[in-house]
Every structure is written in structure tokens, then in C-alpha cells.
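# Architecture at a glance
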Amino acid sequence: MYVAVKGGERAIENAHRLLAHERRGDASVPELSLKQISEQLSLAVDRVMTEGSLYDRELAALAIKQARGDLIEAIFLARAFRATLPRFGTSEPVETGAMQVRRRISATFKDIPGGQILGPTFDYTHRLLDPSLAGTSAPEAPAAADSDAATDAAPMPRVTDILGHDGLIEPSPVADEGAPVGDLTREPLNFPADRDLRLQNLARGDEGFLLALGYSTQRGYGRTHPFVGEIRLGEVEVEFLAEEVGFAVPLGRITVTECQMVNQFKGSASEPPCFTRGYGLAFGQSERKSMSMALVDRALRAREFGDDVKAPAQDEEFVLSHSDNVQATGFVEHLKLPHYVDFQSELGLIRKLRREFAEAQGERDPQLQEAAE
Amino acid sequence: MTAAGATNDEITTLRRRAMAVLADSCLDDIAEHMSVLTVPPYQELRAPENGLVMVRGRIGGDGSPFNLGEATVTRAAVKLAGGEVGFAYVLGRDPHKAKLIAVCDAMIQSADCAHVLDAVVQPLERAMAARRQQQDAETAATRVNFFTLVRGEG
């Protein structure tokens, strides 16, 4: 039990003043602007938007600045902010097939229609620290393909669609239009949870937690034999059917990363074997997150495929109950708040137990009893 | 072109096109292009208001919908003297941008339609297309061909 305490207002106020001072750091160093954070620490911004479950680059940058770069604290701030705004409604589902692609790779087919596009990636870099970035940098302008190559760009079907044509992969589940879509921000999560709710939970789940779980499936704790069918990054249009307007209003574009994981087979006496799938989708350029999400999504489908649920990544109650870093940090960090009343009762109890122990010992050994007194 | 001769579907198509272009443009560019228009008097039906829209994805990219996460959205509505009601719903929290979009949307439904298209929508649309083309060109320069190397003696 946590009991509120009174007093300490002055100390708390001074602690916050000190925090603001520390946040600013050496005043002779120029202060960070939100634009600098959003432009130059863009992947941190993407992570805060994804796990804060709030697409707004400027707010995420503000949260990162306020949190002194502590991303979980920043995610907490983003979540708290979203609770202050009314919700106008839900968008039409974004169409990732119509994305303006900035990166698109497949580890399963080297010759895919539309080609493999590396885009802005850390892949194939040498992971050597670059001393030239220690000062100011003036990178070369990006290379541009001649305009014909760019405008003649072939359409880019999803790799899973290509496999789907031959029935080699299971189709995506399709519910009736208008069927209710689970929303864990409105209804508390119950188990078993359907895949829509699981994906919502994973989308806002902690990247490190999902990374570790995804990794555990690769190491044999709930193996799924995954291949990256496709990862794509780019901009998609968001549309919102506003009742008073009478049509789907284009709200603008957001950046998302999508991962299609292709996994080993299912089949039955009545159905031929086919590949199965795991799906990941995240705001911004969040490749590790969307890959981990896709691995865990597939692992959590164990029940659906009649696999034994033996590994942590397959246990939906375990995964979904512990994926949220705001909840997790809240419960872990509340331990440092005053628990004086709790602890007083624990102290009382342990003194009583020790007294009883000493008494029991004394009955066996009167000398010890004397020593105890 | 004026709104008078257009069918409802044509007007809806125009309004959606304008909204997509304006949403993709920054406030300063919209304001600059609108500065050549004579904006008629209008009544503010809904002052710009910040809120959220839950963004949905589809399972597997093409399956049933699921809730991905929310995005900030600003909405506004204005009414012209002629009765045309213009709306804005746009990503972000910029009240001025939402207001200008609502005004453009109302004017597109009025006799000023051609002016808005000429002075605002089309130039911004060209700028948007140029930005996207530049991005596509930079993206295309990173297109790669992977070769499979056969090991051992063929």
C-alpha cells in the first residue's frame, strides 16, 4: 500500500528548480531547439512517437528535451499529453501498398518487382565512430538518379502479395467491414486477446522488451523460422471520414515502417502447407521495432496454429501485460516513493517474528534466551 | 471553372485534392499564395480546435484493421456569406493552418473556385510534386542489385 505523505513542498519545489538547471546544463553551451531535436535526433523522436502512441514530431521533440533525453520519461510525457486532448475519431486504415517508399528491402527474394532500395540505412556501415561528426558537418548532397529512372519507378507490390498469388502464404485475416476494432485505450485488455488488440499493444510496446522477446524466439524459445519478406519505410496518406464534411478528408501524410515477416509452415489434412506471417508497423523510421513486433506477433499466434505455448514470447498474458514501458516504469519506480506506513507494519511484524524465534530458541536453550534479553 | 457548373462528385474530388495539397504544405507557403486572393467575409463556425485521430493500420498490410496509435489533428470550420461551409481537418496543432484550409475549402465551393485553384492549389501542388520527385530520385539512387554467388566449381 502506498500512503500519501504531507510536507516537503519547499524541498520538492527546490528539487524541481535544480532539475531545470541541470536540464539546461552549462549555460555557455547553446540551448537545443525542438527543430534540432526533431531533425537531428529523428530516430529518438520516432521512438517516442511510436511508444508514446502519439504522432506529433514537435511534441515528441519537446518531450525528449524536457526528459533530458530519457526516452521512457519522454514517452510517459507524450502519453500524459494525449490524455488531455479530445479524440475526433478513427482514421481509415492506412494503405501501405500506396506508400511513397524511401526504403524497401526483402531478404527472401533478390529480384522483386520494384527492386530493392536501401534508402537511409545504418546497414552496411562499419560502425566505426566518425570523428568528423565531432565538429560541424557538411555532408554531400544525396545522389539523385536521373529523373527517368525515378519517374519510371515500377510499382512496388508487397512481397507477401507476390507469395499470396500462388497461395504459398496464408492470406491476411479479413473481418467484415464495420466489425468493431479493439482499442486498449478504451477497454482494459482481457485475455485471450484478439490479434487487433495484440498488435495495438505491441505497436506501443517497449522496443527493448520486444527486441529481447523476438531474439528469444530466434534462439529457440518458441522458434518460428522467420525471414524478412519485406521491410518498407515511407510516407502514407491518412484519411479521416468526418461526418459533417461528408467524405474522407486527407489529413496529411505520416511516416511509417512496415515489416512483413514470413515464417515456417502450417498445413493440415485438408489444407496444403503454406508460409505463415508476422506483422509489424510503427510510426517513423523504426525498423528494429517493427521487426521485433513482427517476430512477437507471429510467436503470439501459437494458440491459433495449435502450437504448444511453452516459451515466454508465446505467452500472450505475459507479453501483453509487460510490454508497456509506461506501466512498467510506473510500477517499478513507485517503489522509491515513501512507503513509510507499509514499512512500519513490516517492521512491527519482523520484530514480532524475531521475538517468537528467540522465545522458541530460549525454550530449547535457556542460556541463549538470557543472551537475547 | 466555377463551382456552379460542377457536379457534387467533381466538387468533392476538387476539395479532397485541395485538402491533400494544403495539408502537405507549410503555413507560410499557404499564406503567401492566399495573399493574392480576395478572401470574402466569413463566419467562424468552429474555432480551430486541437484533438486526436486514432490512426489505423491493417493486419498484414491488407487485412482487418487495428489501432496503431493516435496523431494530433486540428479542425476548423468557416461559413461564407453565400452559405458555403468550409472544413479543415489537418495533422498537427497549427490553428492558423487549419483556419486557412477551411477558408480555401469554402471558397472552392463558391464562385471563387477558379481563383483558389489557380493562385493556391495548383502552385502548391507543383511544389509538392517537385519535392516528391526529388525524394524519389534520391531514393532511386540507392536501388541495389544483389547477386547470388555460387560457391565451389560450377
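Refer to the structure printed above.
Overview of the structure.

## Some thoughts on the overall build of chain A
If you tally the helices and strands in chain A, you get 14 helices and seven strands. Seen through its principal axes, chain A has C-alpha atoms that stretch 95 × 70 × 55 Å. Scored against the burial criterion, the 373 residues of chain A give a buried share of 40%. Within chain A, counting contacts between residues at least 6 apart in sequence, those at least 24 apart form 65% of the total. A distance of 4 Å separates the average location of the 41 positive side-chain charges in chain A from that of its 58 negative side-chain charges.

## Brief notes about the overall build of chain B
Helix and strand content of chain B: four helices and four strands. Over its C-alpha trace chain B gives a radius of gyration of 21 Å, far above what one expects of a compact globule, namely 15 Å for 154 residues. A principal-axis box enclosing the C-alpha atoms of chain B has dimensions of 80 × 35 × 30 Å. Carbon and sulfur atoms make up 51% of the accessible area of chain B, which amounts to about 7,200 Å² in all. Taking the 16 positively charged and 19 negatively charged side chains of chain B as two groups, their mean positions are separated by 5 Å.

## Details of the pattern of salt bridges
Residue and element names in this part refer to chain A. Within the structure shown, the criterion is met by 37 salt bridges over all chains. Among the salt bridges present, the one from R87 reaches D183, with a minimum N-O distance of 2.8 Å. Residue R87 is found in strand 2 (residues 87-90), and its partner D183 is found in the loop between helix 7 (159-165) and helix 8 (195-203); the two are separated by 96 residues along the sequence. The burial state of R87 is the same as that of D183; both residues are buried.

## Re the pairing of strand 7 (residues 274-283) of chain A
All names here are of chain A. In terms of burial, strand 7 is a largely internal element, nine of the 10 residues being buried. With nine bridges connecting them, strand 6 (residues 247-266) and strand 7 associate as antiparallel partners. Its bridge partner lying in strand 7, E258 is registered against L281.

## So, the interface of chain A and chain B
The interface is formed by 78 residues belonging to chain A together with 54 residues belonging to chain B. Counting the surface lost from both chain A and chain B, the interface buries some 6,000 Å², and carbon and sulfur atoms represent 60% of this. Of all residues in chain A, A:F88, A:F247 and A:L251 bury the most surface against chain B, accounting for 12% of the area lost on that side. Summed over the shared surface of chain A and chain B, the number is seven salt bridges. The tally of links between chain A and chain B comes to 34 residue pairs in polar contact (both at pLDDT 80 or more). The leading source of residues in the side of chain A that touches chain B is strand 6 of chain A, at 11 residues. Among the residues making up the side of chain A that touches chain B, the classes are represented as 40 nonpolar, 18 polar and 20 charged. The pairing of strand 4 (residues 116-117) of chain A with strand 4 (residues 143-144) of chain B spans two bridges and is antiparallel. Counted as the bridge partner of A:Q116 is B:V144 from strand 4 of chain B.

## Some thoughts on the environment of A:T125
All names here are of chain A. Tracing the backbone shows T125 in the loop between strand 4 and helix 6 (147-151). The partly exposed category is assigned to T125, whose relative accessible area is 38%. Through-space distance from the C-alpha of T125 to that of A15 is 43 Å; in sequence the pair is 110 residues apart.

## Observations regarding the nonpolar core
Core analysis: the biggest nonpolar cluster contains 60 residues, and A:L251, A:I254 and B:Y89 have the highest contact counts within it. Split by domain, the residues of this core number at least three in each of domain 1 (9-82) and domain 2 (96-120 + 143-174 + 182-329) of chain A. Among all residues touching A:L251, those that are not within four sequence positions of it are A:V238, A:F240, B:A23, B:V53, B:V73, B:Y89, B:V90 and B:L91. If you look at the next biggest cluster of nonpolar residues, it comprises 29 residues, including B:A18, B:V90, B:I101 and B:L124.

## Remarks on the packing of helix 8 of chain A against helix 10 (residues 287-299) of chain A
Residue and element names in this part refer to chain A. Here helix 8 crosses helix 10 at 145 degrees, and the two axes come no closer than 10 Å. Crossing geometry of helix 8 relative to helix 10 is assigned as right-handed. Where helix 8 approaches helix 10, its residues R195, L199, L202 and A203 are matched on the opposing element by K289, M293, V296 and D297. The class makeup of the residues in the contact of helix 8 with helix 10 is five nonpolar, no polar and three charged.

## Concerning unusual backbone geometry
Residues and elements named next belong to chain A. Of note, the amide linkage connecting F191 to P192 takes the cis form, showing an omega dihedral of -5 degrees. On the secondary structure map, P192 appears in the loop between helix 7 and helix 8. With phi around 55 degrees, R68 is a residue other than glycine that occupies positive phi space. Secondary-structure assignment places R68 in the loop between helix 4 (57-66) and helix 5 (71-82). Note on R68: relative accessible area 48%, which makes it partly exposed. Notably, H225 is not glycine yet its phi reads approximately 50 degrees, a positive angle.

## Describing the packing of aromatic side chains
Residues and elements named next belong to chain A. Evaluation of the coordinates by the stated rule reveals six aromatic pairs over all chains. On the numbers, 5.1 Å between centres and 85 degrees between planes, the contact of Y55 with F283 is edge-to-face. Here Y55, found in strand 1 (residues 54-55), pairs with F283, found in strand 7; they are 228 residues apart in sequence, far enough to count as distant. The class for F283 is buried, based on a relative accessible area of 1%.

## Brief notes about the environment of B:A127
All names here are of chain B. Along the polypeptide, A127 turns up in helix 4 (residues 113-140). Taking the relative accessible area as the measure of exposure, A127 reaches 33% and is therefore partly exposed. Separated by 65 residues in sequence, A127 and D62 place their C-alpha atoms 31 Å apart.

## As for helix 4 of chain A
Listed in full, the buried residues belonging to helix 4 of chain A are A:L59, A:A60, A:A61, A:A63 and A:I64. Those residues of helix 4 of chain A hidden inside the fold are in contact with helix 2 (34-40), helix 3 (42-52), strand 1 and helix 5 of chain A together with strand 2 (65-80) of chain B. At the N-terminal end of helix 4 of chain A, a side-chain oxygen is found 3.2 Å from the backbone nitrogen of A:E58, two or three residues along, and the residue is A:D56. Directly after helix 4 of chain A, the chain includes A:R68, whose backbone phi takes a positive value near 55 degrees.

## Re the side chain of A:R103
Residue and element names in this part refer to chain A. Position of R103 relative to the elements: it lies in strand 3 (residues 100-105). At 2.7 Å, the side chain of R103 forms a polar contact with the backbone oxygen of L118. Polar side-chain contacts of R103 include one of 2.8 Å to the side chain of D123. Those residues in contact with R103 that sit more than four places away from it in its chain are I117, L118, G119, T121, D123, I231, R232, L233 and E287.

Criteria and thresholds
Residues numbered from 1 in each chain as written. Chains lettered and ligands numbered in written order. Predicted model: local features only at pLDDT ≥ 70, side-chain atom pairs only at ≥ 80, totals over all residues. Heavy atoms only, no water. Helix = DSSP H or I, 4+ residues; strand = E, 2+ residues; numbered from the N terminus. Buried < 20%, exposed > 50% of the residue type's maximum accessible area, 1.4 Å probe, protein only. Contact = heavy atoms within 4.5 Å. Lys, Arg positive; Asp, Glu negative; His and termini not counted. Charge placed at Lys NZ, Arg CZ, Asp CG, Glu CD. Rg over C-alpha atoms; globule rule 2.2 N^0.38 Å. Areas by Shrake-Rupley, 256 points an atom, 1.4 Å probe, with all protein chains shown as cover. Salt bridge = Lys/Arg side-chain N within 4 Å of Asp/Glu carboxyl O. Pairing = 2+ DSSP bridges. Buried area = accessible area lost by both parts, 1.4 Å probe. Polar contact = N/O pair within 3.5 Å; in protein donor to acceptor, adjacent residues only side chain to side chain. Nonpolar A, V, L, I, M, F, W, Y, C, P; charged D, E, K, R; others polar. Core = buried A, V, L, I, M, F, W, Y, C linked by side-chain atoms within 4.5 Å. Domains from an automatic or database assignment. Axes fitted to C-alpha atoms, helices over the stretch in contact; angles between N-to-C directions. Left-handed = near helix turned anticlockwise from the far one by under 90°. Phe/Tyr/Trp six-rings, centres within 6.5 Å; stacked < 30°, edge-to-face > 60°.

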